[in-house]
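# Residue-level structural notes
So the chains spell out like this:
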Amino acid sequence: MTHHVVWFRNDLRLHDHEPLVTACAAAERSGSTVLPIYVVDPKCFDKTSFGFDRIGPHRIRFLRESLLDLDSNLESAGSKLHILVGQPDQVISRLCDLVDVEAVYFYSESAPEEVETQQAVVKALCRSNVACKASPPTTLY
């Protein structure tokens, strides 16, 4: 069975989630399934070049609560959030090797580190012949 993967990044809610809506529509047309994922990148827990934590305890708690809430909302809709750990390009590429993935849907980001991660994922997916469906970011400038 073919899957349409939705890679949740910073927007961890279902309401108005364009990549999710697009993936669901594509899956319905092709008779396939939607596979929601979140990738925990261990480098997010490293120190900055100034010696500060990249993510503090309050933000970690908020992230955990947000992921639990997202999973609960997905379960209410008949799905489940799959939380994977590792470098996103490697993890998503490995997932595409394990299951038949037609496309990966996600929000584009505009911050330099997120853009670098996104470019690595797109490059890995191109090598696997998996389509990338990036939606414009929802951030305000």
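Described in the following lines is the structure provided in the data block. (Residues numbered from 1 in each chain as written. Predicted model: local features only at pLDDT ≥ 70, side-chain atom pairs only at ≥ 80, totals over all residues. Heavy atoms only, no water.)

The next thing to look at is helix α1 (residues 18-30). Here α1 is 13 residues long and its end C-alpha atoms lie 18 Å apart, about the 18 Å a rise of 1.5 Å per residue gives. Among all positions of α1, only Pro19, Leu20, Ala23, Ala26 and Ala27 are buried. On an axial view of α1, the arc spanned by its buried residues comes to 130°, and they lie on one face. More than 90 degrees from the buried face of α1, the exposed residues found are Val21, Glu28 and Arg29. Considering only its buried residues, α1 is in contact with β1 (3-8), β2 (33-40), β4 (101-107) and β5 (131-135). Looking one or two residues beyond α1, the residue adopting positive phi is glycine 31, at roughly 70°. (Helix = DSSP H or I, 4+ residues; strand = E, 2+ residues; numbered from the N terminus. Expected span 1.5 Å × (residues − 1). Buried < 20%, exposed > 50% of the residue type's maximum accessible area, 1.4 Å probe, protein only. Arc of directions from axis to C-beta. Contact = heavy atoms within 4.5 Å.)

Applying the stated criterion to the full structure yields 5 salt bridges. Ionic pairing is found between lysine 47 and aspartate 53, a salt bridge with its closest N-O pair at 2.7 Å. By relative accessible area, which is 45% here, aspartate 53 ends up partly exposed. (Salt bridge = Lys/Arg side-chain N within 4 Å of Asp/Glu carboxyl O.)

Along the chain, the position of histidine 3 falls in strand β1. A relative accessible area of 16% places histidine 3 in the buried class. Apart from the residues within four sequence positions on either side, histidine 3 is in contact with Thr33, Leu35, Val99, Asp100, Val101, Glu102 and Ala103.

Here we take up the sheet that holds strand β3 (residues 82-85). Through backbone hydrogen bonds, the strands of a sheet pair up, either in parallel or in antiparallel fashion. As summarised here, the arrangement of the 5 strands in space is β3-β2-β1-β4-β5, forming an open sheet in which the pairing is parallel. Each edge of the open sheet is held by one strand with a lone partner, namely β3 and β5. In this sheet, neighbouring strand axes are inclined to one another by 30° on average, regardless of whether the strands run parallel or antiparallel. Across the sheet, helix α3 (residues 88-98) lies against β1, β2, β3 and β4, angled at about 150° from β2, the strand it touches most. Set on the sheet, helix α4 (residues 112-127) makes contact with β1, β4 and β5; between it and β4 the angle comes to about 170°. (Pairing = 2+ DSSP bridges. Axes fitted to C-alpha atoms, helices over the stretch in contact; angles between N-to-C directions.)

This next bit is on the pairing of β2. As a general feature of sheets, a regular strand has side chains that alternate between the two faces. Most of β2 sits inside the fold, with 6 of its 8 residues counted as buried. Where β1 lies against β2, 6 bridges are found, and the strand directions are parallel. Residue pairing across strands places valine 5 opposite leucine 35, the latter belonging to β2. A crossover links β1 with its parallel partner β2, the connecting element being α1, and its sense is right-handed. Where β2 and β3 come together, 4 bridges link them in parallel fashion. Across the sheet, valine 40 pairs through a bridge with valine 85, a residue of β3. Handedness of the crossover joining β2 and β3 through helix α2 (residues 57-76): right-handed. (Right-handed = clockwise from strand over helix to strand, strands pointing away.)

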